[in-house]
Amino acid sequence: MAKVLMIHPDKCTGCRNCELACSFEHEGQFRPSAARVQAYTWEREGMSVPMMCQQCDDAACVTVCPTGAMHRSNTMANLVDWDAATCIRCKMCTIACPFGNARYDAASSSIFKCDTCQGAPECVTFCPSGALEFIDDEQHVRSRKKAYAAKFKDAFQEVS
Amino acid sequence: MYGWTGTILRIDLTKGKVKREATDVKMAHDYLGARGLGGKIIVDELDPKTDALSPDNKLIFAPGPFTGTFAPSAGRYEVITKGPLNNVIACSNSGGAFGPELKYAGYDALIIEGKAAKPSYLWISDDKVEIRDAAAIWGHDTPDTTDLVRAETDEEAKVACIGPAGEHLSLIANIMNEMHRAAGRTGVGAVMGSKNLKAIAVYGTGSVQVADPDRFKAAVMNARKLIQAHPVGGAGLKAYGTDVLVNILNQTGALPTRNFQDGYFPTADKIGGESLAAKQLVRPKGCFSCIISCGRVSKVDNPDYKGFGEGPEYETAWSFGADCGIDDLDAITKANFLCNEYGMDTISMGSTIACAMELFEMGAITAKDTDGVQLTFGNTAAMVEMVRKAGKNEGFGAKLAQGSYRLAESYGHPELSMTCKKQEMPAYDPRGVQGIGLNYATGNRGGCHVRGYTIAIEVLQNGAVMDPRVTEGKAGLDILFQNLTAALDSSGACLFSTFGIGGAELAEMLSALTGVEYSLDEFLRIGERIWNQERLWNLKQGYTTADDTLPDRLLNDPIKTGPAKGEVSHLDQMLPEYYSLRGWDEKGVPGKAKLKELALN
Amino acid sequence: MIVKYFATIRTYTGESERRVDDTPPTLGPLLETLAARYGRPFRRAVFAGDELNPEIIILVNGRNVLYSGRLEAPLAEDDEVSIFPMVAGG
């Protein structure tokens, strides 16, 4: 019964409400360059994709962190948490993350990485299109899998 | 400051100088931003006699206080200048992401003056501003321009640019941003081209501050809820886009057909939003902070008109469709893509081609004039070819690129240009819908629907209903819409948020954001102030009550077929009351009392 | 009489128009007949309880029925009825 932040890029309209919600929640202002989620748009293809920390079980950022500032949360499932107090800003986590989802912000001297707003992710609330879902891990791919299963159902219904 | 950044950038392209100035706080409070603030700067700084295409004109890019926040669907900005099409305060609105990026870079407005010695582009990265050589980019279409500029600046920069049409000083040239969004009307692209300015690239790492975060968030959540619950704002526009209007206007009998010769187009269904969704739609798209997603990412597979991009909007499907007697959606969408690439206003382009078609069919122009093309209504290939020619400024296209008024006048038939104050009217026939006709006639920037979209009430039942066929009450309706829209346009909000919210919700969000208390009354008064400001400018340009009119065809020639057959516009029954309710004299001149009330001199 | 459907209404009816041979005298009975044919999504779109749904736009020969009696709007044999959900544009 753990929740995951699921991304549906096919539903993303590129509105970047997720970035605004993230920035506002963490800083009380609108500075999307500081958001932990970024929705990138490819104008020629008309497609956008949001990206944020995937809270890896075997997280590279946790492995390389010399102080344990990056650590798996022991209060919340499915969360890699960051402790500002023990972080030395060595930035090894930003080098290690293969997805580029941890970044160092000089302006605030912090590591920016999605923390799911401690279990109530604002980006999910503000996404108008359902491109972001905070959903039980048992169900997080159900709608997609079932949508495809429905195509098989329709095909077989016709012939049988 | 909250909401506003507090800084304006003034760039003199002649001298190559950049100056940072403090935003005038009182001006920001009284005019908000975007349309209002830009208009005020034009009024204060520009000699009314300035030639719009001379280096003395000023080109302003201005977002509003909402721009860059998560106020729903509020990421807009305006381009404000003296318009070369018709000398008005040309204020053209656009979405995308350019406006918010200006705010993050730290600016409430860019004021661009003078003329660069050679083709140039601006690179604005927070407080670093460079005027750069655009020799390698001049001549490129707007998508290529965007990519080329980003390759030299930052791949995540937001780019506003002109295409070949703006470079050729086409009076219907637009400014595109994010490749698919347009500051479309009144020829703002030509002003940019006249300054040898090809593009502006912006990248910002700054922020927009909020005066009362809790109050703002609560107001935003409420506004979002209202829009999402609205059938149009919440679902309809995302499913079908604006093109869904084709059928309802046609069934009302007010879809202008063949250069407004008629008001009903029998095969309209082939070019409506339902057909677009079925045949061409790839996915919906939204501008910055938008929750409505009216944008259409679309493709055409037909090899004759193959393409991929965004659109068409209702106005575009109409201008290249019913207005040209064309029901081929593939061709229409291709014409739309071409206009985006060349950088041209789709409404004016289509309507100008329709005008040319009528001139051709009556023999006022011949194939000799049109480079051998049989430019008749319904000739799909000819329409698309003319869009290309106009974009390239080639042959007959060079005449089309100056708009229908100059075209029709040059062939001795100005009455066939379906314009008000020389700007082409959009896709609603005033003979079938009385109130929108009054809006066209009194519109400060000429034939325009968005500045007073009475269609929402007269046809679309949005919150209230009024019979489109009657003139009673329309003066008051137009004024309310015009005032509210002027304030909304100046705040950074998108017009479509009014499918869900109104002035009260906008005023509440604005108050919480800026820390300045705006009542609904004050918000509307700001809109009224901005409307009167634009009117005063027009009077200085020599516009009179004689220009608050519609083409003779709409006043005297009844619609020929369809549900509104037999109707004409009764503008004369609405205009006097309009002037009176506005506090203007019988010649449409704002009275001293009204100007004092609005703090306009 | 011919009834035309637009936008989402087409998804409820599965067709874009229908010829109706026995013209009912007023709009109400016509909508009842159509609702019986097309089912609940259509019924919910056109009715709000016993009233005309405020979020539906119905034109008879281009004239909104709000001005000719709503559900009491009279119908004649050669009429063209158009049914729209609330739509928008610019």
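Everything quoted here is computed from the prediction, not taken from an experiment. (Residues numbered from 1 in each chain as written. Chains lettered and ligands numbered in written order. Predicted model: local features only at pLDDT ≥ 70, side-chain atom pairs only at ≥ 80, totals over all residues. Heavy atoms only, no water.)

(A) Structural context of the overall build of chain B. For chain B, the count of helices and strands is 24 helices and 17 strands. Against the globule reference of 25 Å for 601 residues, chain B gives a C-alpha radius of gyration of 22 Å, in line with a compact fold. Reported as C-alpha extents along the three principal axes, the dimensions of chain B are approximately 60 × 55 × 45 Å. At a minimum sequence separation of 6, the contacts of chain B that also span at least 24 residues come to 70%. If you average the places of the 62 positive and of the 75 negative side-chain charges in chain B, the two averages end up 2 Å apart. (Helix = DSSP H or I, 4+ residues; strand = E, 2+ residues; numbered from the N terminus. Rg over C-alpha atoms; globule rule 2.2 N^0.38 Å. Contact = heavy atoms within 4.5 Å. Lys, Arg positive; Asp, Glu negative; His and termini not counted. Charge placed at Lys NZ, Arg CZ, Asp CG, Glu CD.)

(B) Region of the structure containing the nonpolar core. Residues and elements named next belong to chain B. With 165 residues, the main nonpolar core has Phe66, Phe216, Met349, Ile353, Met383, Val387 and Met509 as its most contacted residues. Looking at this core element by element, the count peaks at nine residues for helix H13 (residues 346–361). Counting 28 residues, the second largest nonpolar core, distinct from the first, contains Leu13, Leu59, Val79 and Val188. (Core = buried A, V, L, I, M, F, W, Y, C linked by side-chain atoms within 4.5 Å. Buried < 20%, exposed > 50% of the residue type's maximum accessible area, 1.4 Å probe, protein only.)

(C) Expanded view of the packing of aromatic side chains. All names here are of chain B. The final tally for this structure, using the stated rule, is 21 aromatic pairs over all chains. For the ring pair Phe260 and Trp318, a centre distance of 5.9 Å and an interplane angle of 75° mean the geometry is edge-to-face. In this pair, Phe260 is assigned in the loop between helix H9 (245–252) and helix H10 (273–279) and Trp318 in helix H11 (residues 314–319), connecting sequence segments 58 residues apart. Judged on exposure class, the residue Phe260 and its partner Trp318 are both buried. (Phe/Tyr/Trp six-rings, centres within 6.5 Å; stacked < 30°, edge-to-face > 60°.)

(D) How the structure looks around unusual backbone geometry. Gly311 of chain B connects to Pro312 of chain B through a cis peptide bond whose omega is -5°. Tracing the backbone through its elements, the reader meets Pro312 of chain B in the loop between strand E15 (307–310) and H11. Despite not being glycine, Leu32 of chain B has its phi angle at roughly 70°, a positive value. Judged by relative accessible area, which is 0%, Leu32 of chain B ranks as buried. Phi at Arg70 of chain C takes a positive value of approximately 55°, unusual for a residue other than glycine. Here Arg70 of chain C lies in the loop between strand E6 (63–64) and strand E7 (80–85).

(E) Molecular detail of the interface of chain B and chain A. Chain B puts 41 residues into the contact, and the matching count from chain A is 28 residues. In total, about 2,800 Å² of surface goes out of reach between chain B and chain A, with carbon and sulfur atoms giving 54% of it. Contact with chain A buries surface across chain B, with Phe70, Arg224 and Arg283 of chain B losing the most and accounting together for 21% of the total. Between Glu122 of chain A and Lys217 of chain B there is a salt bridge; the shortest N-O distance is 2.6 Å. Every element with two or more residues in the side of chain B that touches chain A is listed here: helix H3 (98–105), helix H4 (142–152), helix H7 (213–229) and strand E13 (281–285) of chain B. (Buried area = accessible area lost by both parts, 1.4 Å probe. Salt bridge = Lys/Arg side-chain N within 4 Å of Asp/Glu carboxyl O.)

(F) Seen up close, the pairing of strand E7 (residues 120–125) of chain B. Residues and elements named next belong to chain B. Taking burial as the measure, the six residues of E7 include six buried ones, the bulk of the element. What you see with E7 is no split at all: Ser120, Leu122 and Ile124 on one side and Tyr121, Trp123 and Ser125 on the other are buried throughout. Hairpin geometry of E7 and strand E8 (residues 128–133) is characterised by an intervening segment of two residues between the two adjacent antiparallel strands and by a positive phi of about 50° at Asp126. Both E7 and strand E12 (residues 197–203) contribute to a ladder of six bridges, which runs parallel. Its bridge partner being in E12, Ile124 is matched across the sheet by Val202. (Pairing = 2+ DSSP bridges.)

(G) Structural view of the pattern of salt bridges. Counted according to the given criterion, the structure contains 48 salt bridges over all chains. Close ionic contact of Arg10 of chain C with Asp269 of chain B constitutes a salt bridge, the shortest N to O distance being 3.0 Å. On the criterion of chain membership, the pair formed by Arg10 of chain C in helix H1 (residues 8–13) and Asp269 of chain B in the loop between H9 and H10 is interchain, its members lying in two chains. For Arg10 of chain C, a relative accessible area of 17% gives the class buried. For Asp269 of chain B, a relative accessible area of 27% corresponds to the partly exposed category. A salt bridge links Arg535 of chain B to Asp548 of chain B; the nearest nitrogen and oxygen atoms lie 2.8 Å apart. With a gap of 13 residues between them, Arg535 of chain B in helix H21 (residues 520–540) and Asp548 of chain B in the loop between H21 and helix H22 (552–556) connect regions that are remote in the sequence.

(H) The sheet that holds strand E1 (residues 2–5) of chain C, seen in detail. Residues and elements named next belong to chain C. Judged by pairing direction, the sheet is mixed, and its five strands sit side by side in the order E2-E1-E7-E5-E6 without closing on themselves. The open sheet is flanked by strand E2 (17–19) and E6, the only strands paired with a single partner. Here two bridges tie strand E5 (residues 56–60) to E6, and the two strands are oriented antiparallel to one another. In the strand pairing of E6, Val60 is matched with Arg63. In the packing of helix H2 (residues 27–38) onto the sheet, the strands contacted are E1, E2, E5 and E7, and the crossing angle to E1 comes to about 60°. (Axes fitted to C-alpha atoms, helices over the stretch in contact; angles between N-to-C directions.)

(I) Structural view of the domain arrangement of chain B. Residue and element names in this part refer to chain B. In terms of domain boundaries, chain B breaks down into domain 1 (7–203), domain 2 (241–246 + 253–424) and domain 3 (434–549 + 570–597). On a C-alpha basis, the centres of domain 1 and domain 2 stand 26 Å from each other. The interface of domain 1 with domain 2 comprises 37 residues on the first partner and 30 residues on the second. Broken down residue by residue, the surface that domain 1 buries against domain 2 is led by Ile172, His180 and Arg185, which jointly contribute 27%. The tally of links between domain 1 and domain 2 comes to one salt bridge. The closest approach of N and O atoms between Asp345 and Arg185, which form a salt bridge, is 2.9 Å. Elements supplying a minimum of two residues to the side of domain 1 that touches domain 2: H3, H4 and helix H5 (164–167). Of the residues that constitute the side of domain 1 that touches domain 2, the class distribution is 18 nonpolar, 15 polar and four charged. (Domains from an automatic or database assignment. Nonpolar A, V, L, I, M, F, W, Y, C, P; charged D, E, K, R; others polar.)

(J) The arrangement of the arrangement of the chains in detail. Among the two pairs of chains in contact, the pair with the most contacts is chains A and B. Separating chain A from chain C is a minimum C-alpha gap of 18 Å, and the two share no contact.

(K) Structural view of H13 of chain B. Residue and element names in this part refer to chain B. For H13, built from 16 residues, the straight-helix expectation of 22 Å at 1.5 Å per residue is met to within 8% by its first-to-last C-alpha distance of 22 Å. With 15 of its 16 residues buried, H13 lies for the most part within the structure. Here H13 starts with a cap whose side-chain oxygen sits 3.1 Å from the backbone nitrogen of Ile347, and that cap is Asp345. The first or second residue beyond H13 is Gly363, which carries a positive phi of 85°. (Expected span 1.5 Å × (residues − 1). Polar contact = N/O pair within 3.5 Å; in protein donor to acceptor, adjacent residues only side chain to side chain.)

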